[in-house]
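One letter stands for each residue in the lines below.
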Amino acid sequence: MASTSRGDALALPRVQCPNHPEAILVEDYRAGDMICPECGLVVGDRVIDVGSEWRTFSNEKALKDPSRVGDAQNPLLNGGDLTTMISKGTGAASFDEFGNSKYQNRRTMSSSDRAMLNAFKEITTMADRINLPRNIIDRTNNLFKQVYEQKSLKGRANDAIASACLYIACRQEGVPRTFKEICAVSRISKKEIGRCFKLILKALETSVDLITTGDFMSRFCSNLGLPKQVQMAATYIARKAVELDLVPGRSPISVAAAAIYMASQASAEKKTQKEIGDIAGVADVTIRQSYRLIYPRAAELFPPDFKFDTPVDKLPQL
Amino acid sequence: MDSSNDEALDIIITNVVATFRVRCHLNLRTIALEGNNVIYKPEVGKVLMKLRKPKITASIWSSGKIICTGATSEDDAKLGARRLARVLQKMGFRVRFSAFKVVNVLAVCSMPFAIHLIDFTKNNRPIASYEPELHPAATYRIKHIKATIQVFSTGSITLTGPNVQNVATAVEQVYPLLFECRKPLRK
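Residues numbered from 1 in each chain as written. Chains lettered and ligands numbered in written order. Predicted model: local features only at pLDDT ≥ 70, side-chain atom pairs only at ≥ 80, totals over all residues. Heavy atoms only, no water.

1. Topic: the interface of chain A and chain B
Each partner contributes residues to the interface: chain A has 22 residues there, and chain B has 12 residues. Taken together, both faces of the contact between chain A and chain B bury some 1,400 Å²; the carbon and sulfur share is 54%. Broken down residue by residue, the surface that chain A buries against chain B is led by Leu210(A), Asp245(A) and Gly249(A), which jointly contribute 34%. The interface formed by chain A and chain B includes three salt bridges. The partner of Asp209(A) in a salt bridge is Arg125(B), with the nearest N and O atoms 3.5 Å apart. The tally of links between chain A and chain B comes to six residue pairs in polar contact (both at pLDDT 80 or more). Of all the secondary structure elements, the ones that give two or more residues to the side of chain A that touches chain B are α4 (158-172), α5 (179-185), α6 (190-204) and α9 (252-266) of chain A. Among the residues forming the side of chain A that touches chain B, the class breakdown is 10 nonpolar, five polar and seven charged. (Contact = heavy atoms within 4.5 Å. Buried area = accessible area lost by both parts, 1.4 Å probe. Salt bridge = Lys/Arg side-chain N within 4 Å of Asp/Glu carboxyl O. Polar contact = N/O pair within 3.5 Å; in protein donor to acceptor, adjacent residues only side chain to side chain. Helix = DSSP H or I, 4+ residues; strand = E, 2+ residues; numbered from the N terminus. Nonpolar A, V, L, I, M, F, W, Y, C, P; charged D, E, K, R; others polar.)

Okay, structure coming up:
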């Protein structure tokens, strides 16, 4: 009895649903229950409720936030600070004579991470401007943290490293943004972002996939307001042009822009080179150059099921 | 690989950069006023002196350190450096030619075939890197001989390295890789 009681003590806490002893119980952490998935019976009861203490509504700008817990921790990115700060006092007793508040000076929390937190804020601001999803922002934050901890790029401006991390994150997620697009939301020059990009790749010893023309088609075409047919045609043209090697040494962005120009000129929605150049960030002379290279074989480049508004021989020749 | 071809590849050295010291403090104002073919840059603190033969441009600093660029061969660089020291000696400085070192050699070479850069980069990750948005060439760095090769899609390559020997070795090493990714001759 005495010897088996210890063994029993370990075996007992395994609660089971009385009707389905084999079923694995599902935990509902919000309510602190353990529920049987077969019949829905609430089997176990947990003492601690990890949900929030108070409900806060977004429209109420309550001066006092009754929550005693504070912000959600960001353990992956910060040093896991568990510091306590002294906030501004309320009520009359917190002010000494002359009207100064006692206990001024909220202790600076984790000064080593201050620069990193600043950078995260900057990253979120930049990503917000081009509507990037949360997963890219998270990836960027992780990259920045890795680079920052390595300290090999310590002398560079944090904003430059943040912009380069954003560029790399977009590439790694399979939705690359051009350097010019990142430039547009950052205060750093393209040259500096390019330099930091190469340095970060060397520091983290990673490499990124090469950009292709198709990565940018959907973004450029929707910004120009072109219908799906034209977008598909442009994607096909650009891919064919690269396969047939009509445009050696041209940046994929320029080839994509020229393909969009050709597709739009052959359809009902004609766009000028200037408009396309504006959206893609390429000069219109560059579009003209690439267009001249793909124009001679235009007939082969179009997809077979394309409906021409303007036939191939009537395409503008620049 | 090179020697198995019928045509030999011409490696043309376009630039040799060398540094040397003259072991004495130089008064840049004097050089700027009395010297022939000099450009004085007071905001940086150096004097540029251009020699006609061999065609060399030298940056002269007041500490006595001189950087010599524009030569077409290592011997030319040494000759030009000595000539430069002679010019400074004639101006009255007590020069002592020392610590001559070739720092960088830039060479160009042209392959008889065009190169498919995307294939080349894919085959040689991570040593090769290609960013079409930043630069139209793929960069290939050979770490153990400290040479950098820039490969263009037309088939021309530029090589930089610490001396001419390294550059020659680099061509030998990279030729088979480029040969794999060549574009078949058309038209």
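2. Remarks on α4(A)
All names here are of chain A. In this model α4 runs 21 Å from its N-terminal to its C-terminal C-alpha over 15 residues, within 8% of the 21 Å that 1.5 Å per residue would give. Among the 15 residues in α4, 13 count as buried, and that is most of the element. After α4 finishes, the residue Gly-174 shows a positive phi value of roughly 90°. (Expected span 1.5 Å × (residues − 1). Buried < 20%, exposed > 50% of the residue type's maximum accessible area, 1.4 Å probe, protein only.)

3. Details of the packing of α4(A) against α6(A)
Residue and element names in this part refer to chain A. Running from N to C, α4 and α6 cross one another at 70°; their axes reach a closest spacing of 8 Å. As judged from the angle between their axes, α4 and α6 are roughly perpendicular. Crossing hand, α4 versus α6: right-handed. Of the residues in α6, those in contact with Ala-160, Ile-161, Ser-163, Ala-164, Cys-165, Tyr-167, Ile-168 and Arg-171 of α4 are Glu-192, Ile-193, Cys-196, Phe-197, Ile-200 and Leu-201. (Axes fitted to C-alpha atoms, helices over the stretch in contact; angles between N-to-C directions. Parallel < 35°, antiparallel > 145°, perpendicular 65-115°, else oblique. Left-handed = near helix turned anticlockwise from the far one by under 90°.)

4. Some points on the packing of helix α7 (residues 214-224) of chain A against α9(A)
All names here are of chain A. It is the contact of α7 with α9, at a shortest axis distance of 11 Å, that shows an interaxial angle of 45°. Our classification of the angle between α7 and α9 gives oblique. Here α7 runs over α9; the crossing is right-handed. Along the contact surface, α7 presents Phe-216, Met-217, Phe-220, Cys-221 and Leu-224, while α9 presents Ile-253, Ala-256, Ala-259 and Ile-260. Of the residues assigned to the contact of α7 with α9, the class counts are nine nonpolar, no polar and no charged.

5. Some details on the pairing of strand β1 (residues 11-21) of chain B
A regular strand carries its side chains on alternate faces of the sheet. Residues and elements named next belong to chain B. Pairing of β1 with strand β6 (residues 98-110) involves nine bridges; the strand directions are antiparallel. Its bridge partner being in β6, Arg-21 is matched across the sheet by Ser-98. One ladder, built from five bridges, connects β1 with strand β5 (residues 65-71); its direction is antiparallel. In the sheet register, Arg-21 faces β5, and the bridge partner there is Lys-65. (Pairing = 2+ DSSP bridges.)

6. Focus on the sheet that holds β5(B)
Residue and element names in this part refer to chain B. Taken together, 10 strands build an open sheet; the order of strands is β2-β3-β4-β5-β1-β6-β10-β9-β8-β7 and the sheet is antiparallel. Both edges of this open sheet fall to β2 (38-41) and β7 (128-130), since each of them pairs with a single strand only. Taking the axes of each pair of neighbouring strands and ignoring which way they run, one obtains an average angle of 15° across the sheet. As paired strands, strand β4 (residues 56-61) and β5 are joined by four bridges and run antiparallel to one another. Residue pairing for β5: Ser-59 is matched across the bridge by Ile-67. Of the strands in this sheet, β1, β6, β8 (138-142), β9 (147-151) and β10 (156-161) touch helix α4 (residues 164-180), which is tilted by about 140° from β10.

7. Section: the nonpolar core
Nonpolar side chains tend toward joint burial in soluble globular proteins. Of all hydrophobic cores here, the largest spans 53 residues; its most connected members are Ile31(B), Met111(B), Ile149(B), Ile157(B), Leu159(B) and Leu178(B). Here this core gets six residues from one element, more than from any other, and that element is α4(B). The contact partners of Leu159(B), leaving out residues within four places of it in the chain, are Val105(B), Leu106(B), Ala107(B), Cys109(B), Thr148(B), Ile149(B), Val167(B), Ala170(B) and Val171(B). Residues Ala234(A), Ala256(A), Ala280(A) and Val282(A) belong to the second largest nonpolar core, which totals 38 residues. (Core = buried A, V, L, I, M, F, W, Y, C linked by side-chain atoms within 4.5 Å.)

8. Notes on the packing of aromatic side chains
Each aromatic ring pair is summarised here by two numbers: the centre-to-centre distance and the angle between the ring planes. All names here are of chain A. The final tally for this structure, using the stated rule, is 17 aromatic pairs over all chains. Ring geometry for Phe-302 and Phe-306: centres 5.2 Å apart, planes at 25°, overall stacked. Look at Phe-302 and you get buried, because its relative accessible area is 4%. Feature note: the residues Phe-120, Phe-144 and Tyr-148 constitute an aromatic cluster, connected by ring pairs. Its guanidinium or amino end placed over the ring of Tyr-148, Lys-151 lies 5.7 Å from that ring's centre, counting from NZ or CZ. (Phe/Tyr/Trp six-rings, centres within 6.5 Å; stacked < 30°, edge-to-face > 60°. Lys NZ or Arg CZ within 6 Å of the ring centre and 35° of its normal.)

9. So, a positive patch on the surface
Where like charges cluster on the molecular surface, the positive patch consists of Lys198(A), Lys202(A), Arg141(B) and Lys143(B). As for its placement among the helices and strands, Lys202(A) is situated in helix α6. (Patch = residues over 30% accessible without salt bridge, like charges linked within 9 Å, V, L, I, M, F, W, Y side chains within 5 Å. Areas by Shrake-Rupley, 256 points an atom, 1.4 Å probe, with all protein chains shown as cover. Lys, Arg positive; Asp, Glu negative; His and termini not counted. Charge placed at Lys NZ, Arg CZ, Asp CG, Glu CD.)

10. Some remarks on the pattern of salt bridges
Residues and elements named next belong to chain A. Tallied over the full model, the rule gives 14 salt bridges over all chains. Here Lys-145 and Glu-149 are joined by a salt bridge, their closest N and O atoms 3.6 Å apart. Within this pair, Lys-145 and its partner Glu-149 are both found in helix α3 (residues 134-150), separated by four residues, close to a single helical turn. One salt bridge in this structure joins Glu-192 and Arg-195, with 3.1 Å as the shortest N-O distance.

Everything listed here is a matter of coordinates, which is why it stays silent on function.
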